[in-house]
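Reading the structure
So you can see what is in the structure, the chains are spelled out below.
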Amino acid sequence: MNGWQQALLVVLIMIAAISDTTASRHSTASERSKAGSSANGISEQRAIAIAQQHFRGRVLAINRTDNLYRIKILSDQGIVHTVLINAQNGAVVSTH
């Protein structure tokens, strides 16, 4: 193997290593997204699922401030319930 072939082989090995590292980072982010949480806290979908564990019904509104999701749910009986959920960890702060 001459010099340019060795250099080409080194470059190809480096490209393969970089590709593996990038793919690993993407799958980790994808796994966090599927779980419903990230560095920014839980997703809206996860917050809704948590709220609907407390009150079944149709979601009327969801709003997020820095640390809280406020979710309004209309029950089948026509009552509007509000659930406050910690946007970072998914803990229910209050229900009414």
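Residues numbered from 1 in each chain as written. Predicted model: local features only at pLDDT ≥ 70, side-chain atom pairs only at ≥ 80, totals over all residues. Heavy atoms only, no water.

A word on the overall build of the protein chain
When helices and strands are tallied, the protein chain shows 2 helices and 6 strands. In the protein chain, the order of α-helices and β-strands from amino to carboxyl end is α-β-β-α-β-β-β-β. Classification of the 96 residues of the protein chain by burial places 19% in the buried group. Taking as baseline every contact in the protein chain between residues at least 6 positions apart, the subset at least 24 positions apart corresponds to 25%. Here the protein chain displays about 6800 Å² of accessible surface, and carbon together with sulfur accounts for 55% of that area. (Helix = DSSP H or I, 4+ residues; strand = E, 2+ residues; numbered from the N terminus. Buried < 20%, exposed > 50% of the residue type's maximum accessible area, 1.4 Å probe, protein only. Contact = heavy atoms within 4.5 Å. Areas by Shrake-Rupley, 256 points an atom, 1.4 Å probe, with all protein chains shown as cover.)

Observations concerning the nonpolar core
Nonpolar side chains in soluble globular proteins tend to be buried together. Counting residues in each nonpolar core, the largest one holds 11 residues, listed as I42, A47, I50, A51, F55, Y69, I71, I73, V83, I85 and A87. Discounting residues that sit within four places of it in the chain, I85 has contacts with I42, A47, I50, A51, N67, L68, Y69, I71, G90, A91 and V93. (Core = buried A, V, L, I, M, F, W, Y, C linked by side-chain atoms within 4.5 Å.)

Points about the sheet that holds strand β6 (residues 92-95)
Pairing between the strands of a sheet comes from backbone hydrogen bonds, and it takes one of two forms, parallel or antiparallel. Here 4 strands make up an open sheet; going across it, the order is β3-β4-β5-β6 and the pairing antiparallel. Looking at the sheet topology across the chains shown, the edges are occupied by β3 (58-64) and β6. For this sheet the average axis-to-axis angle between neighbouring strands, irrespective of direction, equals 20°. Examined bridge by bridge, β3 and strand β4 (residues 68-74) share 6 bridges and lie antiparallel to one another. Across the sheet, the residue bridging to V59 is I73, located in β4. Helix-sheet contacts for helix α2 (residues 44-54) involve β3, β4, β5 (80-86) and β6, and the interaxial angle to β4 is about 50°. (Pairing = 2+ DSSP bridges. Axes fitted to C-alpha atoms, helices over the stretch in contact; angles between N-to-C directions.)

Re the pairing of β4
Residues Y69, I71 and I73 line the buried face of β4, whereas the alternating positions L68, R70, K72 and L74 sit on a face that is not buried. Where β3 hands over to β4, the hairpin turn is made up of 3 residues, counted between the paired strands. One ladder, built from 7 bridges, connects β4 with β5; its direction is antiparallel. Bridge pairing in β5 places I71 opposite V83. Linking two consecutive strands that pair antiparallel, namely β4 and β5, is a turn of 5 residues; a positive phi of about 85° is found at G78 within it.

Looking at the confidence of the model for the protein chain
In this model, the protein chain carries a mean pLDDT of 79, and residues with pLDDT of at least 70 account for 66%. When the criterion is pLDDT under 50, residues 21-35 qualifies, and its contacts beyond four places in sequence or with other chains add up to 3 contacts. (pLDDT = per-residue confidence, 0-100.)

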